[in-house]
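Summary of structural features
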Amino acid sequence: MPAWPELSMPEVCCICRCKEVKYDYDHLPKTSVIIAFYNEAWSTLLRTVYSVLETSPDILLEEVILVDDYSDREHLKERLANELSGLPKVRLIRATKREGLVRARLLGASAAKGDVLTFLDCHCECHEGWLEPLLHRIHEKESAVVCPVIDVIDWNTFEYLGNPGEPQIGGFDWRLVFTWHVVPERERLRMRSPIDVIRSPTMAGGLFAVSKKYFEYLGSYDTGMEVWGGENLEFSFRIWQCGGTLETHPCSHVGHVFPKQAPYSRNKALANSVRAAEVWMDEFKELYYHRNPRARLEPFGDVTERRQLRAKLQCKDFKWFLETVYPELHVPEDRPGFFGMLQNKGLKNFCFDYNPPDENQITGHQVILYTCHGMGQNQFFEYTSQMEIRYNTHQPEGCVAVEADKDVLVMHPCQDTTPENQKFILQEDGAILHQQSKKCVQAEKKASDSFVPLLRDCTGSDRQKWFFKERMS
Ligand code: UD2
Ligand code: MN
């Protein structure tokens, strides 16, 4: 039972309640703050360093380790070394070749003397009181990996905007893209108070604290990962499956600049995600490959050692993770022959396509037809045993629907029980019958070169025949 019965819906707290907490500073572990950077701007990098120094109680801060991942911008050379040399507790380590964020962070970790490693991106601003809750939690539970709430720093004005509403937790979709979610009710009921830690299936990746000993026990990072991407989900799966917990502390806030564009190419992200899938996801990796067929062809190197680590630590399987840690995630059925591109027979090379202007607001738009590309993503659909045509690459998922007296196909939110206007019968001859209206889905020309699926009287024509194809052949 929650400890605050006067509230009907248990709340996650705002920063005010946090200020009442008193910490036993003498008994908290000390931390090394590790900041890897590559070609970062001067002002954002220095803002990060100064904010750590100004907001971290001296007794809790062992050192700040900056790791230069072989930057080539002039201001990061001597000028930076000079600036930092006057600062207490700050050390600068330089990689001798480009390592990517995983190995750059590990360079910092191997030099660290603190009991706790606190990783930050190089364009952050720590908020007063950010550090104590993280260290307190790790002191209480060594196998807890704890993230601050990530506040937003405006990418144009660099104003600290904070975080509207309650903190959110991390998830992912079946393309292995990280997603944000509201705290589910089951978690609110588990929390002992509004300022208790919030368990999170995954982390965004950049900002977290972990006991140095526990980090090493868990196998630190997968050093086969290059540049950027994928390591956050890999580490999240590993923490949970191997016996730890991943949490966000609502009292710890750190601002972060979410840039429109990074100062480097992110073309290694796919291979990194494949490594995560290959080591941790068991048979569920197929759901990922179905939605991103390119991933199946991506060379990902050798993961033998990471699989050995999983065996050595006797980690739980991915099914356990999905059921126990992330039950909110819908697990697709992907029955053979019922997922992939949904291609028209009469119009040859045209497929169902859905491309919402905003990835986070995917419902409400019309489904169109587009030249089949075989890359999954916007052309991935699944026909389920619940008679839905699900668009389930993204989170939250969409289901194809027809509104009353309309003939166009639009995307609606999926429901636990399929609403009548979302029920389709995929017949053996390839016809897709909309059950409620008794009409068939037909490929039609909209303008000179654009096509759409529309509901029409069933005629049995080839333009009313459809088939699923997993990939281009
Ligand atoms: C998010 C994470 C980031 C990382 C990434 C997935 C947050 C706030 N940020 O992307 O930490 O987990 O997802 O990989 O959760 N860097 C290097 N060498 C490189 C590339 C990057 O040192 O080759 C540094 C970079 O300067 C920065 C950090 O790694 O300090 C993360 O990179 P980012 O800020 O470009 O990633 P972000 O925030 O978009
Ligand atoms: Mn960042």
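Residues numbered from 1 in each chain as written. Chains lettered and ligands numbered in written order. Predicted model: local features only at pLDDT ≥ 70, side-chain atom pairs only at ≥ 80, totals over all residues. Heavy atoms only, no water.

**What to know about the coordination of the manganese ion (ligand 2)**
This is how the line gets drawn: Metal sites are built from N, O and S donor atoms within 2.8 Å, or 3.2 Å for Na, K and Ca, and they leave out water, so they may look incomplete. Here a strand is any run of E in DSSP of at least two residues, a helix any run of H or I of at least four, and the numbering for each starts at the N terminus.
For the manganese ion (ligand 2), every protein donor is listed as Asp 121 (OD), His 123 (NE2) and His 256 (NE2), and the spread of their distances is 2.2 Å. Counting along the primary sequence, the residues that act as donors to the manganese ion (ligand 2) give the motif D-x1-H-x132-H. Linking Asp 121 in the loop between strand 4 (116-120) and strand 5 (124-126) with His 256 in strand 12 (residues 245-257), this pair joins segments that are 135 residues apart in sequence.

**Description of unusual backbone geometry**
To keep things clear, this is the line we draw: A simple rule labels every residue: compare its accessible area, found with a 1.4 Å probe on the protein chains alone, to the largest value its type can have, and call it buried under 20%, exposed over 50%, or partly exposed in between.
In this structure, Pro 396 follows Gln 395 across a cis peptide bond, with omega equal to -10°. Position of Pro 396 relative to the elements: it lies in the loop between strand 17 (389-391) and strand 18 (398-401). Of note in this structure, Ser 220 is not a glycine but carries a positive phi near 35°. Relative to the helices and strands, Ser 220 is located in the loop between helix 7 (212-217) and helix 8 (231-241). Overall, the relative accessible area of 19% leaves Ser 220 in the buried class. Positive phi outside glycine occurs at Asp 405, with the angle close to 60°. For Asp 405, the position within the fold is in the loop between strand 18 and strand 19 (410-413). A residue is classified by how much of its surface remains accessible, and Asp 405, at 86% relative accessible area, is exposed.

**Brief notes about a nonpolar patch on the surface**
In plain terms, the rule: Patch membership is restricted to residues that have no salt bridge and whose relative accessible area is over 30%. Joining uses 9 Å for like charges and 5 Å for the nonpolar side chains Val, Leu, Ile, Met, Phe, Trp and Tyr. Each accessible area value is a Shrake-Rupley result obtained with a 1.4 Å probe; residue values ignore everything except the protein chains displayed when judging cover. Any Lys or Arg side-chain nitrogen found within 4 Å of a carboxyl oxygen on Asp or Glu counts as a salt bridge.
Together, Val 152, Leu 161 and Phe 258 make up an exposed nonpolar region whose accessible area comes to about 240 Å². Tracing the backbone shows Phe 258 in the loop between strand 12 and helix 9 (269-280).

**Topic: the packing of helix 8 against helix 13 (residues 318-325)**
Worth spelling out the cut-off: Interaxial angles span 0 to 180 degrees and are taken between N-to-C directions of axes, which are lines fitted to C-alpha atoms, for helices over the stretch in contact. By the definition adopted for this analysis, an angle is roughly parallel if under 35 degrees, roughly antiparallel if over 145, roughly perpendicular if from 65 to 115, and oblique otherwise. Any two residues having at least one pair of non-hydrogen atoms within 4.5 Å are treated as being in contact. Note that Gly is not counted as nonpolar here; it falls among the polar residues with everything else outside the nonpolar set of Ala, Val, Leu, Ile, Met, Phe, Trp, Tyr, Cys and Pro and the charged set of Asp, Glu, Lys and Arg.
Look at helix 8 against helix 13: their axes get within 10 Å of each other, and the N-to-C directions meet at 85°. Overall, the two elements helix 8 and helix 13 adopt an arrangement that is roughly perpendicular. Contacts between helix 8 and helix 13 involve Phe 237, Trp 240 and Gln 241 from the former and Phe 318, Trp 320, Phe 321 and Val 325 from the latter. Looking at the contact of helix 8 with helix 13 residue by residue, the class counts come to six nonpolar, one polar and no charged.

**Here's the deal with the site of ligand 1**
Heads up, the condition is: Note on definitions. A residue lies near a molecule or strand when any single heavy atom of the residue is within 4 Å of it. Between N or O atoms, a polar contact is any pair within 3.5 Å; within protein, one atom must be a potential hydrogen donor and the other a potential acceptor, and residues adjacent in sequence are included only when both atoms are from side chains.
Near ligand 1, the surroundings consist of 22 residues, among which Ala 36, Asp 69, Gly 229, Glu 231 and Tyr 264 are the closest. A distance of 2.8 Å separates an oxygen atom of ligand 1 from a polar atom in the side chain of Asp 121. For ligand 1, an oxygen atom lies 3.0 Å from a polar atom in the side chain of Trp 228. Protein contact buries 94% of the 740 Å² of open area that ligand 1 shows by itself. Counting residues per element, the ones that place at least two in the shell around ligand 1 are strand 1 (31-37) and helix 4 (101-111).

**Here we look at the side chain of His 249**
Residue placement: His 249 occurs in strand 12. Not counting residues up to four positions away in its chain, the partners in contact with His 249 are Pro 133, Leu 134, Val 146, Cys 147, Pro 148, Val 149, Ile 195 and Val 197.

**Some words on the UniProt feature "domain: Ricin B lectin" (unreviewed entry) in the protein**
What counts is decided by this rule: UniProt positions are given in the numbering used here, feature names are shortened, and annotations may be inferred rather than shown by experiment.
Here, the residues flagged by UniProt with the feature "domain: Ricin B lectin" (unreviewed entry) are residues 338-469. End-to-end, the C-alpha atoms of residues 338-469 are 8 Å apart, and along that stretch the chain is 0% helix and 41% strand.

**Quick notes on the pattern of salt bridges**
Per the stated rule, a full pass over the model turns up 37 salt bridges. Here Arg 105 and Asp 121 are joined by a salt bridge, their closest N and O atoms 3.4 Å apart. Here Arg 105, found in helix 4, pairs with Asp 121, found in the loop between strand 4 and strand 5; they are 16 residues apart in sequence, far enough to count as distant. Each member of the pair, Arg 105 together with Asp 121, is buried. When salt bridges with common partners are traced through the structure, they connect Lys 97, Glu 99, Arg 103 and Glu 226 into a single cluster.

**Things to note about the environment of Lys 19**
Mapped onto the fold, Lys 19 is located in the loop between helix 1 (15-18) and strand 1. Between the C-alpha atoms of Lys 19 and Lys 319, which are 300 residues apart in sequence, the distance is 39 Å.

**What about the packing of aromatic side chains?**
This is how it is decided: When two rings of Phe, Tyr or Trp (its six-membered ring) have centres within 6.5 Å they constitute a pair, described as stacked for plane angles under 30 degrees, edge-to-face for angles over 60, and tilted for the intermediate range. Only Lys NZ and Arg CZ are tested; either one counts as a charge over a ring when it is within 6 Å of the ring centre and within 35 degrees of the ring normal.
One pass over the structure, following the stated rule, counts 26 aromatic pairs. Members of the aromatic cluster, each reached through a chain of ring pairs, are Phe 172, Trp 174, Phe 237, Phe 284, Phe 318, Phe 321 and Tyr 326. Over the ring of Trp 42 we find Arg 79, and its NZ or CZ is 3.8 Å from the ring centre.

**Concerning the nonpolar core**
Nonpolar side chains in soluble globular proteins generally cluster together in the buried interior. Keep this limit in mind: What makes a nonpolar core is a set of buried Ala, Val, Leu, Ile, Met, Phe, Trp, Tyr and Cys residues whose side-chain atoms join them at distances within 4.5 Å.
Counting residues in hydrophobic clusters, the biggest one holds 55 residues, and the most contacted among them are Phe 172, Phe 208, Phe 235, Phe 237, Tyr 288, Phe 318 and Phe 321. With six residues, helix 9 is the largest single contributor of residues to this core. Not counting residues within four places of it along the chain, the set of residues in contact with Phe 208 comprises Arg 105, Leu 117, Thr 118, Phe 119, Val 145, Val 146, Cys 147, Pro 148, Met 203, Tyr 221 and Phe 235.

**Here's the deal with the state of the cysteines**
Applied cut-off: Two cysteine sulfurs form a disulfide in these notes if their separation is within 2.5 Å.
Applying the stated criterion to the full structure yields five disulfides. Here Cys 18 pairs with Cys 251 through a disulfide, and the sulfurs are 2.0 Å apart. Judged by the sign of its S-S torsion, about -80°, the bond between Cys 18 and Cys 251 is left-handed. You can see Cys 18 sitting in helix 1 and its partner Cys 251 sitting in strand 12, a full 233 residues away along the chain. For the residue pair Cys 18 and Cys 251, the accessibility class agrees, reading buried in each case. The disulfide partner of Cys 351 is Cys 372, and the S-S distance across this bridge is 2.2 Å. Taking the sign of the S-S torsion, 100° for the link of Cys 351 and Cys 372, the bridge is right-handed. Here Cys 372 lies in the loop between strand 15 (368-371) and strand 16 (381-383) and Cys 351 lies in strand 14 (residues 350-353), a separation of 21 residues in the sequence. Cysteine pairing for the protein, with bonded cysteines counted in sequence order: 1-3, 2-4, 5-6, 7-8, 9-10.

**A few points about helix 8**
Three or four residues apart is the spacing at which side chains of an α-helix point the same way, because the helix has 3.6 residues per turn. Summarising burial for helix 8: eleven of the eleven residues are buried, a large majority. Taken as a whole, helix 8 has its buried residues at Glu 231, Asn 232, Leu 233, Glu 234, Phe 235, Ser 236, Phe 237, Arg 238, Ile 239, Trp 240 and Gln 241. Gly 243 sits one or two positions beyond helix 8 and adopts a positive phi of about 105°.

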